[in-house]
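Read off the chains here:
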Amino acid sequence: MTQTHVGILIFNDVEVLDFCGPFEVFSVTRRQRGEPESPFKTLLVAKTADVVHTRGGMKVVPHVTIDDCPPLDILLIPGGRGTRPLLNNDTILNWIKTQATQVKTLTSVCTGSLVLGQAGLLDGLTATTHWESLDMMAARFPQVTVNRDQHWVEQGDVLTSAGISAGIDMALQVVARYHGEAVARETALQMEYPYPEHNQRRVTFE
């Protein structure tokens, strides 16, 4: 079976569910019940092969580095406090820019969208992020239309999502884009997770 290659960038102080939630979605997806493996092959990608220390202290070993990462179909940039240093990391930003010209689908969770914005990949698009960073996104990236109401935002082949758990909903939407809603619903069922029946942001804030 030809698999769709998903790369999830990880970095120190990455938010755990931002990358683990979508990783779980892609890893448990099956086009049919009983199929031995997922149609997605998901790789954790980091700048180096060193252990990544997530927010909260979880230690994670990446599968590949940005230098030996195989060709990807989908790239996902998670969020967390660790995105702030990435905004000034030309090595990572340039890698993301290059990947954006090659992947079929570009996605982010939480403040991962700030990294995409810094790379200039959201200019002229509508996007979203964690509710605490919506004002920052609007101020920092005036060429981006900030959506404050939706859990995730689709703009062609670019999907951005709100904070943390929104990444799971967004990943299910990616599954639906590639394999249909029935497969996405079956994936949510396997996870004992409610399939998102609407796209409204799940929290209220001032």
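Up top is the structure.
Rules used throughout
Residues numbered from 1 in each chain as written. Predicted model: local features only at pLDDT ≥ 70, side-chain atom pairs only at ≥ 80, totals over all residues. Heavy atoms only, no water. Helix = DSSP H or I, 4+ residues; strand = E, 2+ residues; numbered from the N terminus. Contact = heavy atoms within 4.5 Å. Core = buried A, V, L, I, M, F, W, Y, C linked by side-chain atoms within 4.5 Å. Buried < 20%, exposed > 50% of the residue type's maximum accessible area, 1.4 Å probe, protein only. Axes fitted to C-alpha atoms, helices over the stretch in contact; angles between N-to-C directions. Parallel < 35°, antiparallel > 145°, perpendicular 65-115°, else oblique. Left-handed = near helix turned anticlockwise from the far one by under 90°. Nonpolar A, V, L, I, M, F, W, Y, C, P; charged D, E, K, R; others polar. Pairing = 2+ DSSP bridges. Polar contact = N/O pair within 3.5 Å; in protein donor to acceptor, adjacent residues only side chain to side chain.

Chemist: Hey, could you go over the environment of A176 for me, with residue numbers and the actual values?
Modeler: With respect to the helices and strands, A176 occurs in helix 6 (residues 166-179). With near-sequence residues (within four places) excluded, A176 lies in contact with E181, A184 and Y195.

Chemist: Tell me about the nonpolar core, and please be specific about residues and values.
Modeler: Of all hydrophobic cores here, the largest spans 59 residues; its most connected members are L9, I10, L75, W95 and I96. The biggest single contributor to this core is helix 6, with seven residues. Those residues in contact with I96 that sit more than four places away from it in its chain are L9, L75, I77, V115, L116 and L121.

Chemist: Which residues make up the packing of helix 1 (residues 16-28) against helix 6, and what values go with them?
Modeler: Geometrically, a packed helix pair is captured by the angle between its two axes and the distance between the axes. Two elements in contact, helix 1 and helix 6, have axes whose closest approach is 8 Å; the angle formed by their N-to-C orientations is 30 degrees. With respect to helix 6, the element helix 1 is oriented roughly parallel. Here helix 1 runs over helix 6; the crossing is right-handed. Here helix 1 contributes G21, P22, V25 and F26 to the contact with helix 6, which in turn contributes G167, I168, A171, L172, V174 and V175. Across the contact of helix 1 with helix 6, the residue classes break down as eight nonpolar, two polar and no charged.

Chemist: Tell me about the sheet that holds strand 5 (residues 64-65), and please be specific about residues and values.
Modeler: The strand order across the open sheet formed by seven strands is 5-2-1-6-7-11-10, and the pairing between neighbours is mixed. Both edges of this open sheet fall to strand 5 and strand 10 (152-155), since each of them pairs with a single strand only. Pairing analysis gives two bridges linking strand 2 (residues 40-46) to strand 5, with the strands arranged parallel. Looking across to strand 5, one finds that A46 is bridged to T65. Set on the sheet, helix 1 makes contact with strand 1 (4-9), strand 2, strand 6 (74-77) and strand 7 (105-109); between it and strand 2 the angle comes to about 160 degrees. Here helix 3 (residues 90-100) sits on the sheet and contacts strand 1, strand 2, strand 6 and strand 7; the angle it forms with strand 6, its principal contact strand, is near 150 degrees.

Chemist: Describe the pairing of strand 6, with residues and values.
Modeler: Along strand 6, one buried face is formed by I74 and L76 and the opposite face, lined by L75 and I77, is buried too. Judged from the three bridges that link them, strand 1 and strand 6 form a sheet pairing that is parallel. Note on strand 6: the bridge partner recorded for I8 is L76. When strand 6 meets strand 7, the two strands line up parallel, connected through four bridges. Following the sheet pairing, I77 is matched in strand 7 by S108.

Chemist: Break down the environment of D73 for me, citing the residues and quoting the values.
Modeler: Inspection of the secondary structure assignment puts D73 in the loop between strand 5 and strand 6. Counting along the chain gives 34 residues from D73 to T107, while the straight-line C-alpha distance between them is 11 Å. D73 has contacts with Q3, T4, H5, V103, K104, T105 and Y178, leaving out every residue within four places of it along the chain. Within polar-contact distance, the side chain of D73 engages the backbone nitrogen of H5 at 2.7 Å.

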